[in-house]
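# Structural overview
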Amino acid sequence: MSRLRCRKVRLVLPAHVFGGRSLSRRDEAHLGQCLVCQADAATYRSMQTALRSLHDEGADAPPWLVEKVMATLGLPERRQRKGALVAAAVLVASAAVAVWGRRRLRPVG
Amino acid sequence: MADPQVEQNEDRRLVAAARSGDTAAFEELVRSHQHEVYGLAIRLTGNRELAADVAQEALVRAWKALPNFRGDSAFSTWLYRITVNVAWTRKRQAARRSARSLDEIGDIVEADSIGPEQAGEAADLRGRIRRALDQLPAGQRTLVVLKDVEGWTHGEIADTLGISVSAAKVRLHRAHMKLRTLLKEHR
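Residues numbered from 1 in each chain as written. Chains lettered and ligands numbered in written order. Predicted model: local features only at pLDDT ≥ 70, side-chain atom pairs only at ≥ 80, totals over all residues. Heavy atoms only, no water.

## A short note on the overall build of chain A
- Across its full length, chain A holds five helices and zero strands.
- Helices and strands appear in chain A in the N-to-C order α-α-α-α-α.
- When contacts within chain A are restricted to residue pairs at least 6 apart in sequence, long-range pairs at least 24 apart make up 51% of them.
- Carbon and sulfur atoms make up 59% of the accessible area of chain A, which totals about 7700 Å². (Helix = DSSP H or I, 4+ residues; strand = E, 2+ residues; numbered from the N terminus. Contact = heavy atoms within 4.5 Å. Areas by Shrake-Rupley, 256 points an atom, 1.4 Å probe, with all protein chains shown as cover.)

Laid out in structure tokens, this is it:
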């Protein structure tokens, strides 16, 4: 097995595996026979598979991210606006109940 | 899974509203892209804490740069480009400043993201590739992540990083060879 050919094939292997670059006939013939170069090609293929699989590992953003982004920009967050609206509604409802209660308790006549 | 075309149309509508000052529309954009932005940042930096900072800064920058967004590309593509630029800058700054070694950072990511149920050959290989990625220089790591993990084209990478397509190819080739050597060391 030619060491020179080995060196040449190993130089083009990354582009062959990752970039789909085709090998010359001589390089292909060498790869078919050389176990060392075959092992190298297998390493690159494993690398490719492992790298692709990293993409599928989902990562959830921290729960505070949206709030922090909006706060940094000084923009109101919808959830806060919603919260303020709910608080205001509760306040109005409590006041209405209190007024209604007082009226009911007022002695008639 | 949502239809990408529908998602893009929705993004377009929200971007137009946000550009005219609708902060709720911007918040909606942040909510729908935060996980992808954070995921990309984690893969680029290899560190959850740094990735959170990167994601936050990228989203803040996006709001500030929104008036300049022409809509030539999808909003998500534009946002990911901002993320890449922020990550690259932060990673270099962190490498200069931080007392932590890259090995330590790799261990943290490993401990964070691999559970006992994932033990096995594939998980082992992923662990080794992560450690090897952590040892690549920031520029090479960025190229490998964008091309081999995210599936960007050489053209998109070159455009985002401000380099020529042939430079991207040559650097990526070197990065692959270096990564292979590192991977062998981690056996």
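From this point on, the discussion continues.
## Remarks on the environment of Leu-13 of chain A
Residue and element names in this part refer to chain A.
- Looking at the secondary structure, you find Leu-13 in helix α1 (residues 3-19).
- Remark: the alpha-carbon pair of Leu-13 and Ala-41, spanning 28 residues in sequence, is separated by 6.4 Å.
- Setting aside chain neighbours within four positions, we find Leu-13 in contact with Leu-31, Cys-37, Asp-40, Ala-41 and Tyr-44.

## A word on the interface of chain B and chain A
- In this assembly, 37 residues from chain B lie in contact with 35 residues from chain A.
- For the pair chain B and chain A, the summed buried area comes to about 3500 Å², and 66% of that belongs to carbon and sulfur atoms.
- The largest share of the area that chain B buries against chain A comes from Glu-27, Gln-56 and Arg-180 of chain B, three residues that together contribute 16% of it.
- If you look at where chain B meets chain A, you find two salt bridges.
- Across the pair Asp-40 of chain A and Arg-180 of chain B runs a salt bridge, and its minimum N-O distance is 2.7 Å.
- Scanning the region where chain B abuts chain A turns up five residue pairs in polar contact (both at pLDDT 80 or more).
- Mapped by element, the contributors of at least two residues to the side of chain B that touches chain A are α2 (23-45), α3 (48-65), α6 (121-135), α7 (138-149) and α9 (165-185) of chain B.
- At 13 residues, the largest contribution of residues to the side of chain B that touches chain A is made by α2 of chain B. (Buried area = accessible area lost by both parts, 1.4 Å probe. Salt bridge = Lys/Arg side-chain N within 4 Å of Asp/Glu carboxyl O. Polar contact = N/O pair within 3.5 Å; in protein donor to acceptor, adjacent residues only side chain to side chain.)

## Looking at the packing of aromatic side chains
- If you walk through the whole model with that rule in mind, you get five aromatic pairs over all chains.
- Ring geometry for Phe-69 of chain B versus Phe-75 of chain B: centroids 6.0 Å apart, planes at 80°, classification edge-to-face. Residue Phe-69 of chain B shares its accessibility class with Phe-75 of chain B, and that shared class is buried.
- Look at Phe-75 of chain B and Trp-78 of chain B: their rings are 5.7 Å apart centre to centre, the planes differ by 40°, and that puts the pair in the tilted class. One end of the pair is Phe-75 of chain B and the other is Trp-78 of chain B, both in helix α4 (residues 75-97) and three residues apart, which spans about a single turn. An identical accessibility class is assigned to Phe-75 of chain B and Trp-78 of chain B; each is buried.
- Three or more aromatic residues joined by ring pairs make a cluster, and in this case those are Phe-69, Phe-75 and Trp-78 of chain B.
- Across the ring face of Trp-64 of chain A, the terminal group of Lys-68 of chain A is positioned such that the distance to the ring centre comes to 4.7 Å. (Phe/Tyr/Trp six-rings, centres within 6.5 Å; stacked < 30°, edge-to-face > 60°. Buried < 20%, exposed > 50% of the residue type's maximum accessible area, 1.4 Å probe, protein only. Lys NZ or Arg CZ within 6 Å of the ring centre and 35° of its normal.)

## Topic: the packing of α1 of chain A against helix α2 (residues 25-33) of chain A
Residue and element names in this part refer to chain A.
- Running from amino to carboxyl end, α1 crosses α2 at an angle of 100°, the nearest separation of the two axes being 10 Å. For the element pair α1 / α2, the angle class is roughly perpendicular. Counting all contacts with α1, which are made through Arg-5, Cys-6, Lys-8, Val-9, Val-12 and Leu-13, the residues of α2 involved are Arg-26, Asp-27, His-30 and Leu-31.
- Residues of the contact of α1 with α2, tallied by class, amount to five nonpolar, one polar and four charged. (Axes fitted to C-alpha atoms, helices over the stretch in contact; angles between N-to-C directions. Parallel < 35°, antiparallel > 145°, perpendicular 65-115°, else oblique. Nonpolar A, V, L, I, M, F, W, Y, C, P; charged D, E, K, R; others polar.)

## A word on the environment of Arg-92 of chain B
- Its location among the elements puts Arg-92 of chain B in helix α4.
- A sequence separation of 47 residues divides Arg-92 of chain B from Gly-139 of chain B, and the C-alpha atoms of the two residues are 9.0 Å apart.

## Focus: the side chain of Asp-11 of chain B
Residues and elements named next belong to chain B.
- Within the element layout of this structure, Asp-11 appears in helix α1 (residues 4-19).
- With no salt bridge to any partner, buried Asp-11 finds its closest opposite charge in Arg-12, at an N-O distance of 8.5 Å.
- Every residue in contact with Asp-11, bar those within four places of it in the chain, is listed here: Leu-29, Ser-32, His-33 and Phe-75. (Lys, Arg positive; Asp, Glu negative; His and termini not counted.)

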